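What the coordinates show
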Amino acid sequence: MNRCHREPPAVVLGAGVNLIEVVRSLALAGLTGAVVTGAHDAARLSRYATAVTTWEWADPCASRRDGALVERLVAYARTQPAPPPLLFTSDEALLFACRHRDDLAPAFRFAIAEAGSVEAMADKGRFAVLAERLKLRVPPTRVLEPPLGSPPVDLPGTGFPLVVKPYRRDARWHELVNTAQKAVRVCTGGELAALWPRLAGLDAPIVLQASVPGPESRLESYHVYVDEAGRIAAEFAGRKIRTLPAAYGHTTALTITDTADVIDQGRTVVRSLGLRGVAKVDFKRAPGGDLFVLEVNPRFQLWHHAGARAGVNIPALVYADLTGRPRPRTGPVRDGVRWVHPNDLFSATAQHIPAWRWARWASGCEAKAFWAWNDPVPLAAAVATRLTRSRSR
């Protein structure tokens, strides 16, 4: 699959939509990816990817096998003509690369933040403490450690409504809290008390945060690649259009923007954190226009596909720097480029948008999750997986 024997493929760790969209970004630059993912992940079927090894990242026992995975990856890298770039597209992949960087470094090249920063940003509780110390504009936040005991009386900010979320992405959150949402909004003490036994069952830190009013379409983000010298090599902004579920859900439609205050405040956050590598800074825009920092993710993710279509291909830039190739031409950012996920049909239906109108809108989106005319199999695989899961419920 590699187009040039002198250039190794990028080794991409992760799963799901983040993984395939980073593979798509690389493909737009004429690059291939060697994926490290689950046995049935759609990215394994892309014509632009080869599978290195299977990594069931959601397996609770996976951490015990990290050492074996390091050995398999290093063995693969040594078969390549040069050390491959290592890209990470999930929190699990990010933490794996960070915690094993010393063992991986002789065989791979990667652009990653300093270890302490990675650990702090992957943990919402630790990030809340760090953000307060750096005086970032974040909603008032309180972190509760297990055992949780009784619901607190001293709430962050002015009290209700609150957003309750786990300290880290965890499948048990969805199971025990019985929600598809990444967070839950509570408006009264009674709602919090009813939720509390489920939260206590997580046996993990819980984050309580003052709610910033407004729908998910007021979530905006700053995307950046800071090179080894500390210079901003590429950046763009974006805004969510829809999520599934409609509140605190996963992104199903988004648009690339060139919003000045998002870029300015994103730069400020990145400078304050002293970041290197790639990062995404999530903001919520309050009704008055102020931007509040919600989280920072120092990894590759699905927004890079739309960013590449808009003229800023961050994975390709990172690949160039890590392999010593000339950097591809970047920018200016094309404002208004859109990305859509197949699940956005359900998001649009929930907003009473007719299917025919959504189909016409989606067909005009420049970037489509899992889909490319010259590489259609990953979408078919993703749809088949969804149907299989639906029937098994």
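Structural notes, computed from the coordinates. Please read all numbers here as calculations on a predicted model, not as lab measurements.

Strand order across the open sheet formed by 4 strands is 5-8-6-7, with antiparallel pairing between neighbours. Two strands in the sheet have a free side with no partner beyond their single neighbour: strand 5 (141-144) and strand 7 (184-186). Direction aside, the axes of adjacent strands within the sheet are offset by 25 degrees on average. Its contacts with the sheet place helix 6 (residues 124-134) against strand 5, strand 6 (162-166) and strand 8 (206-210), and it is angled at close to 140 degrees to strand 5.

This next bit is on unusual backbone geometry. Of note, the amide linkage connecting L244 to P245 takes the cis form, showing an omega dihedral of -5 degrees. Along the chain, the position of P245 falls in the loop between strand 10 (232-244) and strand 11 (250-257). In this structure, P332 follows G331 across a cis peptide bond, with omega equal to 0 degrees. Located in the positive-phi region is D203, a residue other than glycine, with phi close to 55 degrees. Topologically, D203 is positioned in the loop between helix 8 (189-202) and strand 8.

With that settled, consider the pairing of strand 11. Successive side chains on a regular strand alternate, one facing one side of the sheet and the next facing the other. Judged by how many residues are buried, strand 11 sits mostly within the fold: 7 of 8 residues are covered. By the bridge criterion, 7 bridges tie strand 10 to strand 11 in an arrangement that is antiparallel. Residue pairing for strand 11: A237 is matched across the bridge by T257. Counting the residues that bridge the hairpin from strand 10 to strand 11 gives 5 residues, and of these Y248 lies at a positive phi of roughly 55 degrees. Across 3 bridges, strand 11 lies against strand 14 (residues 338-340) in antiparallel orientation. Among the inter-strand pairings, L254 is bridged to a residue of strand 14, identified as W339.

Further remarks concern the packing of aromatic side chains. With the rule as written, the count across this model stands at 3 aromatic pairs. We note R242 situated over the ring of W361; from NZ or CZ to the ring centre the distance is 4.9 Å.

Moving on to the packing of helix 5 (residues 115-122) against helix 6. Where helix 5 meets helix 6, the closest approach of the two axes is 5 Å, and the angle between their N-to-C directions is 110 degrees. In this view, helix 5 runs roughly perpendicular relative to helix 6, as classed from their interaxial angle. Between helix 5 and helix 6, the residues in contact are G116, E119, A120, M121 and A122 and K124, R126, F127 and L130, respectively. Split by residue class, the contact of helix 5 with helix 6 holds 5 nonpolar, 1 polar and 3 charged.

Let us now look at helix 9 (residues 260-273). In a regular helix each residue adds 1.5 Å, so 14 residues correspond to 20 Å; helix 9 covers 20 Å between its end C-alpha atoms and thus fits that length. Within the sequence span of helix 9, burial applies to V262, I263, G266, V269, V270 and L273. Take helix 9 and look down its axis: the buried residues cluster within an arc of 125 degrees, on one side only. Those residues of helix 9 that are exposed and aimed more than 90 degrees away from the buried face are A260 and R271. Against helix 5, helix 6, strand 9 (219-226), strand 10, strand 12 (277-285) and strand 13 (291-297) lie the buried residues of helix 9. At the exit of helix 9 stands G274, carrying a positive phi of roughly 65 degrees.

As a further point, take the sheet that holds strand 11. In space, the 7 strands of this open sheet follow the order 13-12-9-10-11-14-15, with mixed pairing throughout. With partners counted over all chains shown, the strands left at the sheet margins are strand 13 and strand 15 (367-368), one partner each. Sheet topology note: the strand 14/strand 15 ladder contains 2 bridges and is parallel. Within the sheet, the bridge partner assigned to W339 lies in strand 15 and is A367. Here helix 13 (residues 355-363) sits on the sheet in contact with strand 10, strand 11, strand 14 and strand 15, set at roughly 125 degrees to strand 14.

Of all hydrophobic cores here, the largest spans 93 residues; its most connected members are V11, L13, L73, L104, F108, V296 and V318. The element contributing the most residues to this core is helix 1 (residues 16-28), with 7 residues. Grouped together as the second largest cluster of nonpolar side chains are 17 residues, L144, L162, V164 and V184 included.

Rules used throughout
Residues numbered from 1 in each chain as written. Predicted model: local features only at pLDDT ≥ 70, side-chain atom pairs only at ≥ 80, totals over all residues. Heavy atoms only, no water. Pairing = 2+ DSSP bridges. Helix = DSSP H or I, 4+ residues; strand = E, 2+ residues; numbered from the N terminus. Axes fitted to C-alpha atoms, helices over the stretch in contact; angles between N-to-C directions. Contact = heavy atoms within 4.5 Å. Buried < 20%, exposed > 50% of the residue type's maximum accessible area, 1.4 Å probe, protein only. Phe/Tyr/Trp six-rings, centres within 6.5 Å; stacked < 30°, edge-to-face > 60°. Lys NZ or Arg CZ within 6 Å of the ring centre and 35° of its normal. Parallel < 35°, antiparallel > 145°, perpendicular 65-115°, else oblique. Nonpolar A, V, L, I, M, F, W, Y, C, P; charged D, E, K, R; others polar. Expected span 1.5 Å × (residues − 1). Arc of directions from axis to C-beta. Core = buried A, V, L, I, M, F, W, Y, C linked by side-chain atoms within 4.5 Å.

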